Amino acid sequence: MAEFGEILRVIGDFGRFQKLLLLALCVPNAILSFHFASVFFTQSDPDRHCDTDWVLRADPGLAADEQRNLTLPREEDGTFSRCRMFVPVDWDIESIRRFGLNETTGCRDGWVYRNTLYDDTIVTAFDLVCDQSRLLQVAQAVLMAGNLLGCLLFGPFAESFGRKRAAQIPVLLMLVFAATTGLSPNFPLYLVSQFMVGLGYGGYRLNSVILATEWTGVSKRSWGACGTQLFGAAGLSLLAGMIYVVRDWRHAQFTTAAMFAVIAIYIWFIPESARWLMSRGRMEEANQLIRKAAAINKREVPESLLETVAERREDTLGIVALLQSAVLRKYFLTVLLAWFSLNVAYFSLSFNVATFGLDVFLTQLVFGLSEVPAHVICIWLLEVLGRKASVISTLLAGGLACVLVLAVPEGNAVAVTTLVTIGRIFTNWAGSICNVYMQELFPTSFRQTASGLGSIACRAGGLVSPLLNMLAGYHRSVPTLVFSSLTLISGALCFLLPETGRKELPDSIEEAEGNREKIIPIERRERSQPAQSRSTKL
């Protein structure tokens, strides 16, 4: 009986069909980053003072400077308070000038913002300042919580209803709720919309990679994961340009929704995974897609081959089978920790893009542009160095770069931004390798389950990062020490992993557990066989 890998070799394992599919699935990743616009591009402590227009009832012609002098207390350094005001009184203006005001209170009628970098942000729109300043980290955490739940929900959804639907529905979610985010009249509704956006984000990232990979042969298997990361890096650069032009967070949301409206049209025509169809016993549908792929690749597929396609029923044990194997359990937990750690580091740095001292638009542009060549190199190095050496070196280098940030004086913006950029590059690079590893370490029966759980750990790291950044209130070095230590420890533990490059995906638990013994390439094994044995085979 013919396996799907054999069919791919006949119809082309990375022909025009696979390239078009990969491109269609990667393009949305360039826009996914735009969902972070409202939580990346903010001024957490903008220049402001309490709105004290109540005093204008006593004198509508009062000058702005005198209004502040009469209604705002001063700090010890002589500047006007940014979070306090004098309690309003029902006096005439002469009495206020003669006796002055002494009793203070928090800002009752909102704030007046001045000299802001943006036209409008969620901080200024929802007054996330003073006692409410921590709500900015809450907004970041809610987006990442939706991201995590998206992986949790759409992983099993893909098993039951297919990879195609599990990629299409998240696009619709992101389209609808990007628009409702921009229309949100208050902060609670904004959080709900952002949570739903995160739900679509997590579901799409997980299933688009799997759909692309399941149509690709051994020689280009890493392109699915690395291609999505590459387009994501390009999206970070585009994000900087969009926010530079569109400095209103609501307009940025509408722009993002308009882009997803275009994607929602063509994403409806992507093909289903033939591997998944075969696993569900839908052989006729799988054969039709195989014929279509062969035609687009300008190949012919023998009918005799399709008639002998092996119908594969997946093991229903899933995570139970994974946890029962001591070897696979060790591999799984090692990659899980690595994926979690690198995302804690990556997003902890990303959410602080406005605090490194350089122009925020330039910093974001550098972040994106620097990651593009890194992912191109990643595709090449995965084949040259292999998976194991690549993941160890990237995690250790990323963690070391983050630690070195603490050795740089706080005012040296160029050095800090350089080290942060290096740290982001290596942690993001390691993320691509973990994605590839998750699909190559585990057998077909629970490959989707392992990838889904890995993505959940990945998104959990993103969820923890804004909460971890809150610890900077105690000392600025605390978050950096935590996430850099996690990255270094996980990098060291990756020595426990086997090499999986240039090998067929394992189809059984026995093959996956024996991964260490399958490293020798086929051509070397053939050369090592005695001549008599080879001639006997022939």
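Residues numbered from 1 in each chain as written. Predicted model: local features only at pLDDT ≥ 70, side-chain atom pairs only at ≥ 80, totals over all residues. Heavy atoms only, no water.

(A) Layout of the overall build of the protein chain. Secondary structure summary: the protein chain contains 24 helices and 4 strands in total. Dimensions of the protein chain, computed from the C-alpha atoms along their principal axes, are close to 110 × 45 × 40 Å. Across the protein chain, contacts joining residues at least 24 apart in sequence account for 79% of those joining residues at least 6 apart. Split by element, the accessible area of the protein chain, about 23000 Å² in all, is 60% carbon and sulfur. (Helix = DSSP H or I, 4+ residues; strand = E, 2+ residues; numbered from the N terminus. Contact = heavy atoms within 4.5 Å. Areas by Shrake-Rupley, 256 points an atom, 1.4 Å probe, with all protein chains shown as cover.)

(B) Region of interest: the packing of helix H2 (residues 16-32) against helix H10 (residues 223-245). Where H2 meets H10, the closest approach of the two axes is 7 Å, and the angle between their N-to-C directions is 35°. Read as a crossing pair, H2 and H10 show a hand that is right-handed. In this structure, H2 uses Leu 22, Leu 23, Cys 26, Val 27, Asn 29 and Ala 30 to contact H10, whose residues at the interface are Trp 223, Gly 224, Gly 227, Thr 228, Phe 231, Gly 232 and Gly 235. Tallied by class, the residues present in the contact of H2 with H10 amount to 7 nonpolar, 6 polar and no charged. (Axes fitted to C-alpha atoms, helices over the stretch in contact; angles between N-to-C directions. Left-handed = near helix turned anticlockwise from the far one by under 90°. Nonpolar A, V, L, I, M, F, W, Y, C, P; charged D, E, K, R; others polar.)

(C) Broad picture of the side chain of Ser 193. Position of Ser 193 among the secondary structure elements: in helix H9 (residues 187-214). A relative accessible area of 6% means that Ser 193 is categorised as buried. With sequence-adjacent residues up to four places away left out, Ser 193 is seen in contact with Phe 177, Thr 180, Thr 181 and Ser 184. (Buried < 20%, exposed > 50% of the residue type's maximum accessible area, 1.4 Å probe, protein only.)

(D) Looking closely at a nonpolar patch on the surface. A cluster of nonpolar side chains, Leu 396, Leu 400, Val 403, Leu 404 and Leu 488, forms an exposed patch at the surface whose accessible area comes to about 350 Å². A total of 4 residues in the nonpolar patch trace back to one element, the largest contributor, which is helix H18 (residues 387-405). (Patch = residues over 30% accessible without salt bridge, like charges linked within 9 Å, V, L, I, M, F, W, Y side chains within 5 Å. Salt bridge = Lys/Arg side-chain N within 4 Å of Asp/Glu carboxyl O.)

(E) View of the pattern of salt bridges. For the structure shown, the criterion picks out 11 salt bridges. Notably, a salt bridge pairs Arg 114 with Asp 47, separated by 3.7 Å at the nearest N-O pair. Note that Arg 114 is positioned in the loop between strand S4 (111-113) and helix H6 (122-126) and Asp 47 in the loop between helix H3 (37-40) and strand S1 (48-50), a separation of 67 residues in sequence. Using a relative accessible area of 32% as the deciding quantity, one classes Arg 114 as partly exposed. Looking at Asp 47, the relative accessible area reads 25%, which means it is partly exposed. Here Arg 97 and Glu 94 are joined by a salt bridge, their closest N and O atoms 3.2 Å apart. You can see Arg 97 and its partner Glu 94 sitting in helix H5 (residues 93-99), 3 residues apart, about one turn around the helix. Residue class for Arg 97 comes out partly exposed when judged on its relative accessible area of 36%. Judged by relative accessible area, Glu 94 falls into the partly exposed class, the value being 43%. Salt bridges sharing common partners tie together Asp 45, Asp 47, Arg 48, Arg 82 and Arg 114.

(F) Looking closely at unusual backbone geometry. One non-glycine residue with positive phi stands out, namely Cys 130, at about 55°. Considering the arrangement of structural elements, one finds Cys 130 in the loop between H6 and helix H7 (135-161). Given a relative accessible area of 18%, Cys 130 falls into the buried group. Positive phi is not limited to glycine here, since Lys 298 has a value of about 60°.

(G) Quick peek at the environment of Arg 275. Take Arg 275: it is sitting in helix H12 (residues 274-279). Its relative accessible area of 17% is what places Arg 275 among the buried residues. Measuring from C-alpha to C-alpha, the distance between Arg 275 and Glu 3 comes to 9.6 Å, with 272 residues separating the pair along the chain.

(H) Structural view of the state of the cysteines. In the structure shown here, the tally under the stated rule is 2 disulfides. For Cys 50, the disulfide goes to Cys 107, at an S-S distance of 1.7 Å. Because the sign of the S-S torsion sets the handedness, a value of about -60° for the bond joining Cys 50 and Cys 107 places this disulfide among the left-handed ones. Taken together, the residues span a long stretch of sequence, with Cys 50 in strand S1 and Cys 107 in the loop between strand S3 (104-106) and S4 at a distance of 57 residues. (Disulfide = S-S within 2.5 Å.)

(I) Region of the structure containing the environment of Ala 233. Note that Ala 233 resides in helix H10. Overall, the relative accessible area of 0% leaves Ala 233 in the buried class. Separated by 157 residues in the primary sequence, Ala 233 and Glu 76 place their C-alpha atoms 45 Å from one another. Once residues within four sequence positions are removed from consideration, Ala 233 is found in contact with Gly 368, Glu 371, Val 372 and His 375.

(J) Up close: H9. Relative to the 40 Å expected for 28 residues at 1.5 Å per residue, H9 spans 41 Å between its end C-alpha atoms, a close match to the ideal helical length. The element H9 is extensively covered by neighbouring structure, given that 23 of its 28 residues are classed as buried. The N-cap residue of H9 is Asn 186: its side-chain oxygen and the backbone nitrogen of Leu 189 are 3.0 Å apart. (Expected span 1.5 Å × (residues − 1). Polar contact = N/O pair within 3.5 Å; in protein donor to acceptor, adjacent residues only side chain to side chain.)

(K) Quick peek at the confidence of the model for the protein chain. Overall, the predicted model of the protein chain reaches an average pLDDT of 83, with 90% of residues at or above 70. Contacts of residues 516-538 to residues separated by more than four positions or lying in other chains number 15 contacts, the stretch itself having pLDDT below 50. (pLDDT = per-residue confidence, 0-100.)

(L) View of the packing of aromatic side chains. By the definition in use, this model includes 14 aromatic pairs. Taking the centre distance of 5.2 Å and the plane angle of 20° together, the rings of Phe 36 and Phe 40 count as stacked. As far as the burial class goes, Phe 36 and Phe 40 line up, both buried. Measuring from ring centre to ring centre gives 5.7 Å for Phe 154 and Phe 157, while their planes differ by 65°; the resulting arrangement is edge-to-face. Of this pair, Phe 154 and Phe 157 both sit in helix H7, separated by 3 residues, roughly a single helical turn. Judged by its relative accessible area of 23%, Phe 157 falls in the partly exposed class. Among the aromatic residues, those joined into a cluster by ring pairs are Phe 36, Phe 40, Tyr 201, Tyr 346 and Phe 347. (Phe/Tyr/Trp six-rings, centres within 6.5 Å; stacked < 30°, edge-to-face > 60°.)

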